[in-house]
Amino acid sequence: MSLAPSRPLTIAALTLAGLLGLSTAQADAGHDHGVAAPNTSSPGLPRFAATSDLFELVGVVNGRQLTLYLDRSADNSPVNATQLELEIGGNKVDTRRRADGEFEATLAQPLTAGTVPVTATVVAGTETDLLAGQFVVTDEAHAEAPPARSWKQLAGWAATGLALLAALAWLGRRAWGRGAARSGGAA
């Protein structure tokens, strides 16, 4: 019995397994090298960006939780600010430092749809700067995002796909063997 018919099935199975195993790489917290530019192709979490010659400030709000990232404009290094004063929509917001260049705050209420102005005063050593930006909040931003798939779910789908491919390959080999036996494949 020749193994030649199973070779294309094996190649197809390995190719499909490779394709099923592909996923988008995502960095964990602390390994993402800063905040990516806002994704404008689909609704996401509301965010703002404010820049000056000295500093860059990016804020991302999730419900009432606000996360802020403060970097130097020149080299994108985190700023160890001694003071970050924030005002959103005319209301003062207290910030807490989490790490160099990272702050958090809790808003009194979630942002409403529309444009919401943001001003920040940064004091870092002898440097002081005033930054201005704005949140653009859409109604879609308030909609709940679909849950992200975990690697365990993806691995489960990949394993199921591989099992199906193995079953198809086994059935194909069996069918090929029966056909060869019927046509007098033994010489």
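Below is a short write-up of the structure. (Residues numbered from 1 in each chain as written. Predicted model: local features only at pLDDT ≥ 70, side-chain atom pairs only at ≥ 80, totals over all residues. Heavy atoms only, no water.)

Below, the discussion takes up the nonpolar core. One finds Leu66, Ile88 and Phe135 to be the most contacted residues of the largest nonpolar core, which totals 26 residues. Where this core is concerned, the elements lending two or more residues are β1 (47-51), β2 (55-62), β3 (65-72), β4 (83-88), β7 (102-106), β8 (114-124) and β9 (127-137). Ranked by residues supplied to this core, first place goes to β8 with five residues. Apart from residues no more than four positions distant in its own chain, phenylalanine 135 is found in contact with Pro46, Arg47, Phe48, Gly59, Val61, Leu66, Ile88, Leu111, Gly114, Thr115, Val116 and Val118. (Core = buried A, V, L, I, M, F, W, Y, C linked by side-chain atoms within 4.5 Å. Buried < 20%, exposed > 50% of the residue type's maximum accessible area, 1.4 Å probe, protein only. Helix = DSSP H or I, 4+ residues; strand = E, 2+ residues; numbered from the N terminus. Contact = heavy atoms within 4.5 Å.)

Along the chain, asparagine 91 falls in strand β5 (residues 91-93). Linking asparagine 91 and valine 118, residues 27 residues apart in sequence, is a C-alpha distance of 9.3 Å.

Taken as a whole and assessed by the stated rule, the structure comprises one aromatic pair. Taken together, a centroid distance of 5.1 Å and an interplanar angle of 75° make the contact between phenylalanine 48 and phenylalanine 135 edge-to-face. Here phenylalanine 48 is found in strand β1, whereas its partner phenylalanine 135 is found in strand β9, with 87 residues between them in sequence. Accessibility assignment for this pair places phenylalanine 48 and phenylalanine 135 in one class, buried. (Phe/Tyr/Trp six-rings, centres within 6.5 Å; stacked < 30°, edge-to-face > 60°.)

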